[in-house]
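What follows is the residue order along each chain.
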Amino acid sequence: MNGPELSELPDDSPQLQPHVSELRRRALQATQLTAVTALSDGFLIKFLRARDFDVELSLKLLLNYQRWRQESPEISGCLSPSSVLGLLSTSYHSVLPQRDHAGSRVLLYRIGQWNPKDWSAFQVFRISLMTSEIISSETQTQRRGIKAIFDLQGWSLGHALQINPSLARKISSVLSDSFPLKVRGIHLVNEPMFFRPVFAMIRPFLPDKIKQRRTGVVDPLLSPYS
């Protein structure tokens, strides 16, 4: 049975256990993960599904995930909603109630609702990370991945000044090789000309498959998305 076929099996399937056990064994041997104590079946299956049950690639993803969190305490250090309560009360970020035609979860970001004078890019990114941690526990999302819609209406110089090469690298890492979710598409709508230099900063860090999934076209099934 190949990886995609294994991914369709329920979490408690006996056929998944050899892969789960092997990943746990490899993770416990990894010196980079000595501080990690939560290696439950459910936690490990997230990484296995994200890499189609290739244990070697799943271990690499798990190591990258742990390293990213350690190197980004300004984002991952406090994932309590209370730390960004004011921003959560706006309509900046939401998860659409319906999945798209392929079964992917759809995340919506309304950039115009983010006031860069009140909230830093790190705090904004923290909301996305909190959401990703929650939906990554959904079996269907593990299988079908996510798509992100960035509505750039209202993008301003103040937003652009918040994005630097270091943050661009952190964003691209989550999109590509440091989080157990498959990114199936990135859609930019209402894109102003002066957003392009910012995307150009992020683009070099993205793998080709993510670059190819970036588009300005939104699935008509998701419009209107409010």
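Residues numbered from 1 in each chain as written. Predicted model: local features only at pLDDT ≥ 70, side-chain atom pairs only at ≥ 80, totals over all residues. Heavy atoms only, no water.

Looking up the protein chain in an unreviewed UniProt entry gives the name Alpha-tocopherol transfer protein, with the organism given as Solea senegalensis.

Engineer: Just checking my understanding: could you explain the packing of aromatic side chains for this structure?
Structural biologist: Each aromatic ring pair is described using two quantities: the centre-to-centre distance and the angle formed by the ring planes. Taken as a whole and judged by the stated rule, the model has nine aromatic pairs. Through successive ring pairs, a cluster of aromatic residues spans Phe 43, Phe 47, Tyr 65 and Phe 179. (Phe/Tyr/Trp six-rings, centres within 6.5 Å; stacked < 30°, edge-to-face > 60°.)

Engineer: Explain the pairing of strand S3 (residues 146-151) here, please?
Structural biologist: Both faces of the sheet carry side chains from a regular strand, because those side chains alternate between them. For S3, the tally of buried residues reaches five of six residues, placing the bulk of the element in the interior. Sheet topology places strand S2 (residues 105-110) next to S3; six bridges connect them, and they run parallel. Note on S3: the bridge partner recorded for Leu 108 is Ile 149. As paired strands, S3 and strand S4 (residues 183-189) are joined by six bridges and run parallel to one another. Across the sheet, residue Lys 147 finds its bridge partner in S4, namely Gly 185. (Buried < 20%, exposed > 50% of the residue type's maximum accessible area, 1.4 Å probe, protein only. Helix = DSSP H or I, 4+ residues; strand = E, 2+ residues; numbered from the N terminus. Pairing = 2+ DSSP bridges.)

Engineer: Which parts of the structure should I look at to understand the nonpolar core?
Structural biologist: Soluble, globular proteins show a tendency: their nonpolar side chains are buried together. If you look at the biggest cluster of nonpolar residues, it comprises 58 residues, and the most contacted ones within it are Leu 62 and Trp 155. For Leu 62, the contacting residues outside a window of four places in its chain are Ala 27, Leu 33, Leu 39, Phe 43, Leu 44 and Phe 47. Listed in part, the five residues of the second largest apolar core include Leu 96, Leu 108, Ile 149 and Val 189. (Core = buried A, V, L, I, M, F, W, Y, C linked by side-chain atoms within 4.5 Å. Contact = heavy atoms within 4.5 Å.)

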